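# Reading the structure
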Amino acid sequence: MPVLRSSKRKQMKEFYPVTKRSKCESAQLDTCKGISPALLKKIKPRNTKEKERVERERQFRRLLNLLKVIHCHFVMNPRPTQLSILTRRCADSYFSSFQISLAATEIEKLIETMVQLLPDWIICCQVRDVKYIKIVDPSKSFVQLQNQVTDGHKL
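Keep in mind that this is a model prediction, so the values were computed, not measured.

### Quick notes on the side chain of K140
- Relative to the elements of secondary structure, K140 occurs in the loop between β3 (130–135) and α6 (142–154).
- Overall, K140 belongs to the buried group, its relative accessible area being 15%.
- A distance of 2.5 Å separates a polar atom in the side chain of K140 from a polar atom in the side chain of D120.
- Beyond its immediate stretch of four places on either side in the chain, K140 contacts H71, D120, W121, L145 and Q148.

### What about the nonpolar core?
- Core analysis: the biggest nonpolar cluster contains 24 residues, and L66, I70, I111, M114, L118, W121 and I122 have the highest contact counts within it.
- Every element with two or more residues in this core is listed here: α3 (37–76), α4 (83–98), α5 (104–117), β3 and α6.
- Of all the elements, α3 adds the most residues to this core, at eight residues.
- Once you skip the residues sitting within four places of it in the chain, I70 turns out to touch L86, C90, I111, M114, W121 and I122.

### Section: the packing of α3 against α5
- The interhelical angle for the contact between α3 and α5, taken along N-to-C directions, is 85°, at an axis separation of 10 Å. Judged by the angle between their axes, α3 and α5 are roughly perpendicular. For the pair α3 and α5, contact is made by Q59, R62, L63, L66, L67 and I70 and by E106, I107, L110, I111, T113, M114 and L117, respectively.

### Here we look at the sheet that holds strand β1 (residues 81–82)
- An order of β1-β3-β2 is seen for the three strands of this open sheet, with the pairing classed as antiparallel. Across the chains shown, the open sheet's two edge strands, defined by having one partner strand only, are β1 and β2 (122–127).
- Examined bridge by bridge, β1 and β3 share two bridges and lie antiparallel to one another. Across the sheet, the residue bridging to T81 is I133, located in β3.
- α5 rests against β2 and β3 of the sheet, and its axis sits at about 115° to β2.

### Regarding the pairing of β2
- In this sheet, β3 lies alongside β2 in antiparallel orientation, the contact comprising six bridges. Bridge pairing in β3 links C124 to I133.
- From the end of β2 to the start of β3, which pair antiparallel, there are two residues, and R128 there has a positive phi angle of about 60°.

Parameters and conventions
- Residues numbered from 1 in each chain as written.
- Predicted model: local features only at pLDDT ≥ 70, side-chain atom pairs only at ≥ 80, totals over all residues.
- Heavy atoms only, no water.
- Helix = DSSP H or I, 4+ residues; strand = E, 2+ residues; numbered from the N terminus.
- Buried < 20%, exposed > 50% of the residue type's maximum accessible area, 1.4 Å probe, protein only.
- Polar contact = N/O pair within 3.5 Å; in protein donor to acceptor, adjacent residues only side chain to side chain.
- Contact = heavy atoms within 4.5 Å.
- Core = buried A, V, L, I, M, F, W, Y, C linked by side-chain atoms within 4.5 Å.
- Axes fitted to C-alpha atoms, helices over the stretch in contact; angles between N-to-C directions.
- Parallel < 35°, antiparallel > 145°, perpendicular 65-115°, else oblique.
- Pairing = 2+ DSSP bridges.

In structure tokens, the structure reads:
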């Protein structure tokens, strides 16, 4: 085998980079060494389903907390509110109440989910380019809304 000069070695490294495994990846490979690939294929979907279930539960808890904030907002101010303003107020309230900061897009998604789950209480209207959130039935109590969301979550 011919001896490569240093410039040739650098070129070879650029074409064939050495991939280093992290400690976690090498530990996973070591633990899965004696397990058949067919069994690993069965286990992997179970793990993803479990992660999805945990994510749904977390979103459900956030939805209930956000429902509390939005219900209080509309009890104090029953007029239709711009989605951007409501999102900002919810983010401030949510952080001060639960010490968790949520992104505005995540709050908007939760509000849209709430509109789908509670169409008889809250609706979303679009006037020109601005979305407004409006309460249809202000007489509903928080407990009634919470029960309705819980029933919708079980489905």
